[in-house]
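Structural overview
So the chains spell out like this:
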Amino acid sequence: MDTAPYSEPYKIKVVEQIKQISREERAQKIREAHYNLFLLHAEDVYVDLLTDSGTGAMSDRQWGALMEGDESYAGSRSFFAMKTAINDILGLPHVLPTHQGRAAENVLFSALIKEGDVIPGNSHFDTTKGHIEFRKASAVDCTIAQSKDPSLNHPFKGNVDLMALEQCIAQHGAGRIPMVIITITCNSGGGQPVSLENIRAVAEITKKHGIPLIFDAARFAENAYFIKTRESGCDNLTIREICHEMFTCADGCTMSSKKDAIVNMGGFIALRSEELFQACSVFNIIYEGYITYGGMSGRDMAALARGLYEGTEFDYLHSRISQTAYLGKRLVEEGIPVLHPFGGHAIYVNALEFLPHIPQEQFPAQVLGVELYIEGGVRGVEIGTVLADRDPVTRENRPPNMELLRLAIPRRVYTNNHMEVVVWALKKVWQRREQLKGLSLTFEAPIMRHFTAHFTPVSS
Ligand SMILES: *Cc1c(COP(=O)(O)O)cnc(C)c1O
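About the criteria used
- Residues numbered from 1 in each chain as written.
- Predicted model: local features only at pLDDT ≥ 70, side-chain atom pairs only at ≥ 80, totals over all residues.
- Heavy atoms only, no water.
- Helix = DSSP H or I, 4+ residues; strand = E, 2+ residues; numbered from the N terminus.
- Contact = heavy atoms within 4.5 Å.
- Domains from an automatic or database assignment.
- Buried area = accessible area lost by both parts, 1.4 Å probe.
- Salt bridge = Lys/Arg side-chain N within 4 Å of Asp/Glu carboxyl O.
- Buried < 20%, exposed > 50% of the residue type's maximum accessible area, 1.4 Å probe, protein only.

**Focus on the environment of Met265**
Note on placement: Met265 falls in the loop between β7 (252-256) and β8 (267-271). Sequence separation of Met265 and Ser53 is 212 residues, and the distance between their C-alpha atoms is 8.6 Å. Among all residues touching Met265, those that are not within four sequence positions of it are His99, Gln100, Lys258 and Met296.

Following this line, the structure appears as C-alpha cells:
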C-alpha cells in the first residue's frame, strides 16, 4: 500500500472560536431545553453535528462572490450566474430560486399534488413527507428491503424497489400519482446512495406511465461520488459526467442548496418542462418572491453558483466523504454499533443495539443524543420514533424499523481531532449505557413535532 493518505484540498484562512462549557452546565442546559437538542443554544454546543444543512464553510471565492452579488429585483446578474451553473451541471433548463429546499417542495407540490394523491419514492425526507401529508396526499416508501437492515452492507441502499414501485402504480393508477420522487442520497435511509442503474430503471417505469420523475437533489454530488467509486463501469466518468447522466433521467428536481451547493441558505427548483415551470412560477411569486430571486439575496445566488462548481469536484468530495468514513471507522473500532455502509454526510448510531433495554416508545435515539451532549458537548439528532411522528389519520406513533442517532458532518468545518472528541464522548456513554433511562413526551406540535417537542425522563 503506497497510496498517500487523503487530505483536505484546501487550507484554512479564517477560524471561528468555539468553547466547551462544563459537564454540569451541559446537564443544566439540556434540562432547560426540555431534553430536545433543537432547543439548545448553539453556543452551548462544542462539536455541532445536528445537521450538515447550511452549516458548511464557504470558500474564499464564495465570499468574494458575495461582494459581487447583484441585488436587482428582476433579472439579477447573480440569478443568471446561478441559472448557468445549474444548466451546466444538472442539464435542466428552467430554474426557480427558493429560500430553501422545503420552499422548493412547497412551490412544486402546489402545482402538482392534489388531495388523495400518492407519491412513491425512496424514504421521503421529513419536510417532503410533511408537504405531501399537509396536502392530504400520501407518501409511499418503495426503498429496497435491504435498506431496513442496519448492519447489512449494500453499495446502494437508497435504491428504489422496482417491483414495489410498479405495484404502487398498478394499485393506485398513474392518474393519482403526480410524480415519483428519488431522494439522492437518501437522507432518512442513512445517507445511502442510489445507483445510476436504478435511477435509469425508475425513469423507464415513470416514462412508460407518463409520470414525472423528480429528484430531491440535496446531496446529488455525494450520490455521484458513490456512483463513481462503487458502481461498475462508472469509475472512468467524472463527477460532472455522472451528474449529467443522473439528471438526464429526471423531469426536474427540488434542491436544498444548504447541502451540496455549500451555502448557508438557499434552494431552487430546476425543470425540464416549460409548462410546469410556468405553473410553478405562479406559486413561486406568491410564496417566495419574484422568479429571478425567490427569497434569495443576489449575493447568496452568486455564492451558490460558485458552490455548485466546488461541490462537484472530486477532490473535495473525496475528502468530505473520507472524513465521514473516518468517524465511522473509529466508532466501529470502539465497538459502537453504527449503520453500514457509512453514509456520505453522516454516521448513524444504531440506538436499538446501543440501548436495547429502552423501548421505542421511550425514544432510545433521543436518549442517546441527550447523553452524548452531556458527555462531550456533541450534538447529533434523533432519526427515530420522534421524527417519524404520528400517523396523520390514526394519530398513533409510527415507530420506524430503525432508531438512529445521526451525526451529520458540516462541510469543510471540523478536523479529525473534533471527530476524536465525538468518539471519546460516545465511548463514555457506551460504558454507562446500562444505567440510561427512557424519555417521555410532555409537549408536541401536530406536525413535524421533533423540532419543538418537550421531554422528561421516565420515572423508575
Ligand atoms: C434538507 C433536505 C430537504 C429540505 O431542505 P431545507 O433546505 O432544509 O428546507 C429536503 N430533502 C432532503 C433530502 C434534505 O436533506
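Here the narrative resumes, following the displayed structure.
**Describing the domain arrangement of the chain**
The domain boundaries assigned to the chain delineate domain 1 (23-52 + 313-457) and domain 2 (60-310). Put simply, the middle of domain 1 and the middle of domain 2, counted by C-alpha atoms, are 26 Å apart. On the domain 2 side, the residues contacting the 31 residues of domain 1 number 38 residues. With both chains or domains summed, domain 1 and domain 2 bury close to 2,800 Å², and 56% of this area falls on carbon and sulfur atoms.

**Notes on the pattern of salt bridges**
For side chains of opposite charge, pairing can occur when their charged atoms come near one another. Per the stated rule, a full pass over the model turns up 28 salt bridges. For Glu222, the salt bridge goes to Arg320, with nearest N and O atoms at 2.6 Å. Of this pair, Glu222 sits in helix α8 (residues 220-230) while Arg320 is found in helix α12 (residues 314-333), placing the two residues 98 residues apart along the sequence. Glu222 gets classed as buried once you look at its relative accessible area, which sits at 0%. On the basis of relative accessible area, Arg320 is assigned to the buried category, the value being 4%. Ionic pairing is found between Glu333 and Lys329, a salt bridge with its closest N-O pair at 3.9 Å. Taken together, the positions of Glu333 and Lys329, both in helix α12 and four residues apart, correspond to about one turn of that helix. Classification of Glu333 as exposed rests on a relative accessible area of 51%. On the basis of relative accessibility, which here comes to 45%, the residue Lys329 falls in the partly exposed class. Put simply, Asp52, Arg219, Glu222, Asp260, Arg320 and Arg411 are held in one network by salt bridges that share partners.

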